[in-house]
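Chain and residue survey
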Amino acid sequence: MSKNTQTVFIVDDDVSFLATMSRWLRAFGYTVKSFTTAADFLAQRTTEAAGCVVTDLQMPGMDGMALQATLAQLDNPLPIVFLTGHGDIPTSVRAMRSGAEDFLLKTASKEDLLAAIERALTRDLYEHETRRRQYHLAQRFTKLTPRESEVLSHVLQGQLNKQIAADLGIDERSVKRHRSSVMEKLDVKSVVELTQICDEAQNHNAMPTLGDAVTL
């Protein structure tokens, strides 16, 4: 995915402002989709949507803060930039603490708005890549059998094959076979690589809890 495939979604109940903002952003080369209500945006948004949301704060029905909270619950949330004519410090602090990329008044300079949008789009690219990496890491670990997962947990503790065999009550040859299968399925060539991929998977919440005793 690249910025060429991203969209700036604008949500604002001021139709005149919405039209002006859409034309202006398109003039800068952005792909833009506009909506007069948060409900319309959510109804038409696809799960594969990429880009960012620029939204007003005070709108009929679902307001900007409620939209932010709803997006945060989705598997593919989009970074959000608030652009409002009715901001206050407590609301802006709450929005930023909830993950907003920026909170701007409609009197903000064009440079500040463009900078906020660019940061949001860059963040979206990073988060999409993180989720993609997380998914593919998780897929690797799902290939492991219960016994292989168990052997892996002992390997990560730094145990030798002889120790693992004794702990699991199996012969050392079986341990070697399971270790080899783990390395192949996780696509690593050394214990160092194995440790690194497990650390990465844990950091991305992509590694399942390794079981304790398993008998095959």
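Residues numbered from 1 in each chain as written. Predicted model: local features only at pLDDT ≥ 70, side-chain atom pairs only at ≥ 80, totals over all residues. Heavy atoms only, no water.

Considering the packing of aromatic side chains
The geometry of two aromatic rings is summed up by the distance between their centres and the angle between their planes. If you walk through the whole model with that rule in mind, you get four aromatic pairs. Taking 5.1 Å as the distance between ring centres and 70 degrees as the angle between the ring planes, the aromatic pair formed by W24 and F28 counts as edge-to-face. Over the ring of F17 we find K106; its NZ or CZ atom is 4.1 Å from the centre of that ring. (Phe/Tyr/Trp six-rings, centres within 6.5 Å; stacked < 30°, edge-to-face > 60°. Lys NZ or Arg CZ within 6 Å of the ring centre and 35° of its normal.)

A look at the sheet that holds strand β4 (residues 80-84)
On the basis of which strands lie adjacent, the open sheet formed by five strands has the order β2-β1-β3-β4-β5 and parallel pairing. Only two strands of the sheet have a single neighbouring strand rather than two, namely β2 (32-35) and β5 (102-105). Averaged over all adjacent pairs, the angle separating strand axes in this sheet is 20 degrees, with direction ignored. Strands β1 (7-11), β3 (51-55), β4 and β5 of the sheet are contacted by helix α5 (residues 110-142), whose axis makes an angle of about 140 degrees with β3. (Pairing = 2+ DSSP bridges. Helix = DSSP H or I, 4+ residues; strand = E, 2+ residues; numbered from the N terminus. Axes fitted to C-alpha atoms, helices over the stretch in contact; angles between N-to-C directions. Contact = heavy atoms within 4.5 Å.)

What to know about helix α4 (residues 89-97)
By the burial criterion, the buried members of α4 are T91, S92 and A95. One face of α4 carries all of its buried residues, which in axial projection span an arc of 100 degrees. In α4, those exposed residues whose orientation departs by more than 90 degrees from the buried face are I89, P90 and R97. The N-capping residue of α4, defined by a side-chain oxygen 2.8 Å from the backbone nitrogen of T91, is D88. (Buried < 20%, exposed > 50% of the residue type's maximum accessible area, 1.4 Å probe, protein only. Arc of directions from axis to C-beta. Polar contact = N/O pair within 3.5 Å; in protein donor to acceptor, adjacent residues only side chain to side chain.)

What to know about the pattern of salt bridges
In this structure the tally under the stated criterion is ten salt bridges. For D12, the salt bridge identified is with K106, shortest N-O distance 2.8 Å. Here the residue D12 occupies a position in the loop between β1 and α1 (15-27), and K106 occupies one in the loop between β5 and α5, the gap between them amounting to 94 residues. The class of D12 is buried, set by a relative accessible area of 1%. Ionic pairing is found between E150 and R147, a salt bridge with its closest N-O pair at 2.5 Å. Residue E150 and its partner R147 are located together in helix α6 (residues 146-156), separated by three residues, close to a single helical turn. (Salt bridge = Lys/Arg side-chain N within 4 Å of Asp/Glu carboxyl O.)

Thoughts on the pairing of β5
For a regular strand, the rule is simple: side chains alternate between the two faces of the sheet. Bridge analysis of β4 against β5 gives four bridges, and the strand direction is parallel. From the neighbouring strand, L83 faces β5, where its bridge partner is L104.

What to know about the pairing of β3
Among the five residues in β3, five count as buried, and that is most of the element. Where β1 lies against β3, five bridges are found, and the strand directions are parallel. What sits directly across from I10, in β3, is V54. Sheet topology note: the β3/β4 ladder contains three bridges and is parallel. The partner of V53 across the bridge, within β4, is I80. In this fold, the crossover linking β3 to β4 by way of helix α3 (residues 64-72) has right-handed handedness. (Right-handed = clockwise from strand over helix to strand, strands pointing away.)

Looking at the nonpolar core
Most often, soluble globular proteins keep nonpolar side chains buried together rather than apart. Ranked by internal contacts, the top residues of the largest apolar core, which has 20 residues, are V8, M21, L25, Y30 and I117. Among the secondary structure elements, those contributing two or more residues to this core are β1, α1, β3, β4 and α5. The biggest single contributor to this core is α5, with six residues. Ignoring any residue separated from it by four or fewer positions in sequence, one finds I117 in contact with V8, L25, Y30, C52 and V54. Formed by 19 residues, the second largest nonpolar core is a distinct cluster that contains V151, M183, L186 and I197. (Core = buried A, V, L, I, M, F, W, Y, C linked by side-chain atoms within 4.5 Å.)

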